[in-house]
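# A closer look at the structure
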Amino acid sequence: PGASKLRMVGRMLCSRAMLRLGEADPEGAWADLIACRRLGRLANVGPTLFETLVGYSIENMSNRAMLTLLKQTRPSSATLNQYRSDLKKLPPIRSISDIVNVTARCNYIDAMLVIAFDRSDATELLGVQSEVGKAAHMFRRVPIRAFDWDEALKTGNGYYDRMVSAMRLPTHALRRAAIEKLDSDLHERATLRNFDPRGKRDIETSQAFAAVIAASMLPSAAKVREGEDVLRQTATHIDVALALCEFRNDRDRYPEQLAELVPKYLAQMPRDQFTGVMPIYRRTEAGYLLYSVGPNMKDEDGRKDGKADDLAVTIVERDATQVD
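Calculation rules
- Residues numbered from 1 in each chain as written.
- Predicted model: local features only at pLDDT ≥ 70, side-chain atom pairs only at ≥ 80, totals over all residues.
- Heavy atoms only, no water.
- Salt bridge = Lys/Arg side-chain N within 4 Å of Asp/Glu carboxyl O.
- Helix = DSSP H or I, 4+ residues; strand = E, 2+ residues; numbered from the N terminus.
- Buried < 20%, exposed > 50% of the residue type's maximum accessible area, 1.4 Å probe, protein only.
- Expected span 1.5 Å × (residues − 1).
- Bend = angle between axes of the 7 residues up to and from the residue.
- Contact = heavy atoms within 4.5 Å.
- Phe/Tyr/Trp six-rings, centres within 6.5 Å; stacked < 30°, edge-to-face > 60°.

## Focus: the pattern of salt bridges
Tallied over the full model, the rule gives 21 salt bridges. With a closest N to O distance of 3.7 Å, Arg 37 and Glu 59 form a salt bridge. Taken together, the positions of Arg 37 in helix 2 (residues 26–44) and Glu 59 in helix 3 (residues 49–72) put the pair 22 residues apart, joining distant regions of the chain. Pair check on accessibility: Arg 37 and Glu 59 agree, each one buried. Residue Asp 301 is joined to Arg 282 by a salt bridge in which the shortest nitrogen-to-oxygen separation is 3.4 Å. With Asp 301 in the loop between strand 2 (287–292) and strand 3 (311–316) and Arg 282 in strand 1 (residues 280–283), this pair connects stretches of sequence that are 19 residues apart. On the basis of relative accessibility, which here comes to 48%, the residue Asp 301 falls in the partly exposed class. The exposure class of Arg 282 is partly exposed, given its relative accessible area of 35%. In this structure, a network of salt bridges that share partners links the residues Arg 175, Arg 225, Glu 228, Asp 229 and Arg 232.

Structure, rendered in structure tokens:
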């Protein structure tokens, strides 16, 4: 229950950082922002998907504010090195697959046990999605204790094995395809066409019931996995923005290409979490545009509106900045 309050603390830290920035205290602003990011990483180590979402939300707040600080100030190379050092000291972003493999899987098993013992609140677990809800109504006609629960639990665990494996694939495109295939298989199985309501210990019925429950619980995990990619990409943007600041300090201009940052300012070329290649970078007359194509993997010129979901950083020297 305390996790949601952490989001408010993160918002307050970012607000105070912007106040300090307005008072010409960038050192104090950075202290608040690095504390905010640390808070997000601490929330992220909690065992549940909800805590992870809160952690991501807090860290995304700090990332947006960090980019604002970099635009509004011109940190020295020594200051930029301190910023990098502070960021490297943070614990790594936790993989969602670890949480799905343990806590989310246990939540599924717990849900099945609640239903198996015919608890009245078990019905709240059904009907989360429209198609799944239709299938759930069919099972209310069956004596719950007639199910083959061993088969239902084994089937559900198999779905979680598939989800964890999909989340650990090396590229966003592969992960997305595997997760979509799992979702399709779940909904196909959960709409059991040849349903037998006579209450026998039928393996097919038990497997279909397992799909109904898994289909109501797994989609949220898949959505959070996409949020992990977004957060990792935003963190990459911060690293690149710091390198671009130092390059500008040394040469009084931004590079024509990101390749100019390696190896002096970046140890290796950054990679877009969604395409596996470099994020898109364009030098402008007054600054630069840096962006990732985002979860839909379409280049939309750095826009984030309507269906466009590019993750962009727009820096305009001596003018307003827009950070998406």
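## Considerations on helix 5 (residues 96–116)
The first and last C-alpha atoms of helix 5 sit 28 Å apart over 21 residues, in line with the 30 Å expected at 1.5 Å per residue. Approximately 30 degrees is the largest bend angle found in helix 5, and it occurs at Thr 103.

## As for the environment of Phe 274
Within the secondary structure layout, Phe 274 lies in the loop between helix 9 (203–251) and strand 1. Judged by its relative accessible area of 3%, Phe 274 is buried. If sequence neighbours within four positions are ignored, Phe 274 has contacts with His 172, Asp 229, Val 230, Gln 233, Ser 292, Val 293, Gly 294, Pro 295, Met 297 and Leu 311.

## Focus on the packing of aromatic side chains
Evaluated as defined, the whole model comprises six aromatic pairs. Geometrically, the ring pair formed by Trp 149 and Phe 209 is edge-to-face, given 5.8 Å between the ring centres and 90 degrees between the ring planes. One end of the pair, Trp 149, is in helix 7 (residues 149–167); the other, Phe 209, is in helix 9, with 60 residues separating them in the sequence. Comparing Trp 149 with Phe 209 shows no difference in burial state: the two are buried. Between Tyr 281 and Tyr 288, the ring centres sit 5.9 Å apart and the planes meet at 40 degrees, which makes this aromatic pair tilted. Residues Tyr 281 and Tyr 288 agree in their burial class; the two are buried.

These figures capture arrangement, not role.
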